[in-house]
Amino acid sequence: MFSEFGLHERLLKAVAALGFAEPTPVQQAAIPMVLQGKDVYATAQTGSGKTAAFVLPLLHRLLQEAKPRTATRALVLLPTRELAQQTLKQVELLAQFTFIKAALVTGGEDFKKQAAALRKNPEIVIGTPGRLLEHRNAGQLELQDLEMLVLDEADRMLDMGFSDDVLALVEACNPGRQTLLFSATSSGSGLYDFVKKVMREPQRLILNAVSDLGTNTKQQVITADDVAHKEKLLLWLLANETYSKAIVFTNTRDQADRLGGVLIAAHKAGKSAAKVYVLHGEKDQKDRKQAIARLNQGHINVLVATDVAARGLDIEGMDLVVNFDMARKGDDYLHRIGRTGRAGNEGLAISLVGPHEWNLMASIQRYLKQAFERRVIGELKGSYSGPKKLKSSGKAAGSKKKKSDKHPEKKPHKKADSKPAGKKTAKKAVPGQEAAAPRDGSAPLRRKPL
Ligand code: AMP
């Protein structure tokens, strides 16, 4: 019950107006800790209700001590403009019965308008690191009196190269502030060192023990012979599955463009009803906005995307995820399926697995501690149906490189639409980390070329 937290009555009114009956697990765990004024480092996925988990106690704190509007009281940093917009929306909804105001400061929008909004001294500023730093350097963002700093999707901010900007902003913040850090994963890109730099003895919350994930999302695997077979399977799925919006993941930009072309051609030829848009790292912010708007307006219903392009996308009603290429890491897989099955909605994630992707799929299953459901589409049954013999790990037994393993389907590291090579950082032990499987599900997958 939300009333048990002792939150301000205006906030409880907003929670009731939004129809939130029960706190989600992350809210249940984080709200009391944050209300105690502690620094909190939480691992929780988008879709878990984590935004309200920090917004509610943040608003409560601001309401408890009414202060004249002279400087920013709370700063929320996010990796992408869309996430910042969504967070602003939630803040406005949860603060609807209060006088608290929030401003949005993200790249790509009018700088002067943002400066004017900041001059009105909103209590809360929400934005992306680069643009916020520009305003701070221009003397338009006062952070000395900051009471709360929230770093949301911190792992993504680091992955996207915002570390220096975030640290420069943190440096400018009141050292006596309370800091909350949310991350979907607990490893990678120096997160551990980063946490040590920006937080003081944080309370640690791990809410998405990977085995708890995907409970609303059914996960299936369909074996495929090659790319052409995968295309047929995909067209069949898009024609026969019940979904309102779907996202199809590829590992490379080239594959996304090519597959987009195949699907669009099928649509034009009247062979597919799916209306498709392609999104990858080479597309700019305008394309992203357009894709989201078109999806929300129902002009398109299928997005073909790479992992980088799909970061931070939160699209209502996305209920089908297809991994045309298997994700390269467990964490990428989690992010992909995190696009669906959100906040209690049912979702379906289907991975098309070619011969050389079997072991990768097995590693991801082990990492997630979940067994994917095997599915066969009768009319499209191929010749490949998985390895003849399996090891106890679920990988193919005796999987020494054979000639038949060479597959034209995927050239893994060519023009990958992911972070630049050479940026890998040593993995450090993080509390709650599993020793058996690597925390981001990556290491065993990288040992041999696919
Ligand atoms: P988030 O993980 O913050 O992106 O939240 C995902 C969605 O869950 C948002 O659309 C919220 O409005 C919704 N939500 C958050 N908390 C609750 C709750 N306690 N009950 C139902 N829905 C919620």
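Since we're looking at a predicted model, the values are computed, not measured.

Explain the pairing of strand E4 (residues 124-127) to me, please; I cannot follow it from the model alone.
Where a strand is regular, its side chains alternate between the two sheet faces. What you see with E4 is no split at all: Ile124 and Ile126 on one side and Val125 and Gly127 on the other are buried throughout. Relative to E4, strand E2 (residues 74-77) runs parallel, the two sharing four bridges. Counterpart to Leu77 in the pairing with E4 is Gly127. Sheet topology note: the strand E3 (residues 102-105)/E4 ladder contains four bridges and is parallel. Pairing of Val105 across the sheet is with Gly127, part of E4. Between the parallel elements E3 and E4, the chain passes through helix H5 (residues 111-119) in a crossover that is right-handed.

In this structure, what is going on with the packing of aromatic side chains? I would like to understand it.
Per the stated rule, a full pass over the model turns up three aromatic pairs. Measuring from centroid to centroid gives 5.3 Å for Phe54 and Phe182, while their planes differ by 45°, and the two rings are tilted. Placement of the pair is Phe54 in helix H3 (residues 50-64) and Phe182 in strand E6 (residues 178-183), with a sequence separation of 128 residues. Here Phe54 and Phe182 have matching classes, each one buried. Consider the rings of Tyr333 and Phe372, whose centres lie 5.2 Å apart with planes at 25°: the pair is stacked. Note that Tyr333 is positioned in helix H14 (residues 330-337) and Phe372 in the loop between helix H15 (358-368) and strand E14 (373-374), a separation of 39 residues in sequence. The same class applies to Tyr333 and to Phe372, which are both buried. It is Lys13 that lies over the ring of Phe97; its NZ or CZ is 4.4 Å from the centre. Of note, Lys230 hangs over the ring of Phe324, and the distance from its end group to the ring centre comes to 5.7 Å.

Which parts of the structure should I look at to understand the side chain of His229?
Inspection of the secondary structure puts His229 in helix H10 (residues 227-240). Overall, His229 belongs to the buried group, its relative accessible area being 9%. Beyond its immediate chain neighbours, meaning those up to four positions away, His229 contacts Thr223, Ala224, Leu380, Lys381 and Gly382.

I tried to follow the site of the ligand on my own but got confused; where do I start?
Around the ligand, the structure places 14 residues, and the nearest of them are Glu22, Gln27, Gly47, Gly49 and Thr51. In the model, an oxygen atom of the ligand is placed 3.3 Å from a nitrogen or oxygen of the Lys50 main chain. For the ligand, the accessible surface in isolation is 490 Å², of which the surrounding protein chains cover 76%. Class assignment for the residues of the shell around the ligand results in four nonpolar, eight polar and two charged.

Could you clarify how one ought to interpret the packing of helix H8 (residues 163-172) against helix H9 (residues 191-198) in this entry?
In helix packing, the relevant descriptors are the interaxial angle and the interaxial distance, both defined with respect to the helix axes. The contact between H8 and H9 brings their axes to 11 Å, and the two run at 10°. Regarding the angle of H8 to H9, the classification is roughly parallel. For the pair H8 and H9, the sense of crossing is right-handed. Contacts between H8 and H9 involve Ser163, Val166, Leu167 and Val170 on the former and, on the latter, Phe194, Lys197 and Val198. Residue composition of the contact of H8 with H9, by class: five nonpolar, one polar and one charged.

Looking at this structure, how should I read the sheet that holds strand E9 (residues 245-249)?
To summarise the sheet geometry, strands pair through backbone hydrogen bonds and adopt either a parallel or an antiparallel arrangement. Taken together, seven strands build an open sheet; the order of strands is E10-E11-E9-E12-E13-E8-E14 and the sheet is parallel. Two strands bound the open sheet, and with one partner strand each, they are strand E10 (276-279) and E14. Of the strand pairs in this sheet, strand E12 (residues 318-323) and strand E13 (residues 347-353) are connected by four bridges, and their pairing is parallel. When the sheet's bridge partners are listed, Leu320 is paired in E13 with Leu348. Strands strand E8 (217-223), E9, strand E11 (302-305), E12 and E13 of the sheet are contacted by H10, whose axis makes an angle of about 165° with E13. Across the sheet, H15 lies against E8, E13 and E14, angled at about 160° from E8, the strand it touches most.

Sorry if this is basic, but what is going on with H14 here?
Side chains of residues three or four places apart in an α-helix project in the same direction, reflecting 3.6 residues per turn. H14 sits mainly inside the fold: eight of its eight residues count as buried. Where H14 is concerned, the buried positions are Gly330, Asp331, Asp332, Tyr333, Leu334, His335, Arg336 and Ile337.

What exactly am I supposed to notice about the pattern of salt bridges here?
A side chain of one charge can pair with a side chain of the opposite charge if their charged atoms are brought near each other. Tallying each qualifying case throughout the model produces twelve salt bridges. The shortest N-O distance in the salt bridge between Arg131 and Glu134 comes to 3.8 Å. Taken together, the residues Arg131 and Glu134, both in helix H6 (residues 129-137) and three residues apart, mark about one turn of the helix. Classification of Arg131 by relative accessible area gives buried; the value is 13%. Salt bridges linked by common partners bring Lys50, Asp152 and Glu153 together as one network.

What should I look at first to understand unusual backbone geometry in this one?
With the exception of glycine, the majority of residues adopt a negative phi angle, and the majority of peptide bonds are in the trans configuration. Unusually for a residue other than glycine, Glu153 sits at a positive phi of about 50°. The phi dihedral of Glu201 is positive, around 35°, even though this residue is not glycine. Topologically, Glu201 is positioned in the loop between H9 and strand E7 (203-206).

Could you clarify how one ought to interpret the sheet that holds E3 in this entry?
Reading across the sheet, the seven strands line up as E3-E4-E2-E5-E6-E1-E7 and stay open at both edges, with parallel pairing between neighbours. Edge positions in the sheet fall to E3 and E7, since each of these pairs with one other strand and no more. In this sheet, neighbouring strand axes are inclined to one another by 15° on average, regardless of whether the strands run parallel or antiparallel.

Cut-off values and rules
- Residues numbered from 1 in each chain as written.
- Predicted model: local features only at pLDDT ≥ 70, side-chain atom pairs only at ≥ 80, totals over all residues.
- Heavy atoms only, no water.
- Buried < 20%, exposed > 50% of the residue type's maximum accessible area, 1.4 Å probe, protein only.
- Helix = DSSP H or I, 4+ residues; strand = E, 2+ residues; numbered from the N terminus.
- Pairing = 2+ DSSP bridges.
- Right-handed = clockwise from strand over helix to strand, strands pointing away.
- Phe/Tyr/Trp six-rings, centres within 6.5 Å; stacked < 30°, edge-to-face > 60°.
- Lys NZ or Arg CZ within 6 Å of the ring centre and 35° of its normal.
- Contact = heavy atoms within 4.5 Å.
- Near = heavy atom within 4 Å.
- Polar contact = N/O pair within 3.5 Å; in protein donor to acceptor, adjacent residues only side chain to side chain.
- Areas by Shrake-Rupley, 256 points an atom, 1.4 Å probe, with all protein chains shown as cover.
- Nonpolar A, V, L, I, M, F, W, Y, C, P; charged D, E, K, R; others polar.
- Axes fitted to C-alpha atoms, helices over the stretch in contact; angles between N-to-C directions.
- Parallel < 35°, antiparallel > 145°, perpendicular 65-115°, else oblique.
- Left-handed = near helix turned anticlockwise from the far one by under 90°.
- Salt bridge = Lys/Arg side-chain N within 4 Å of Asp/Glu carboxyl O.

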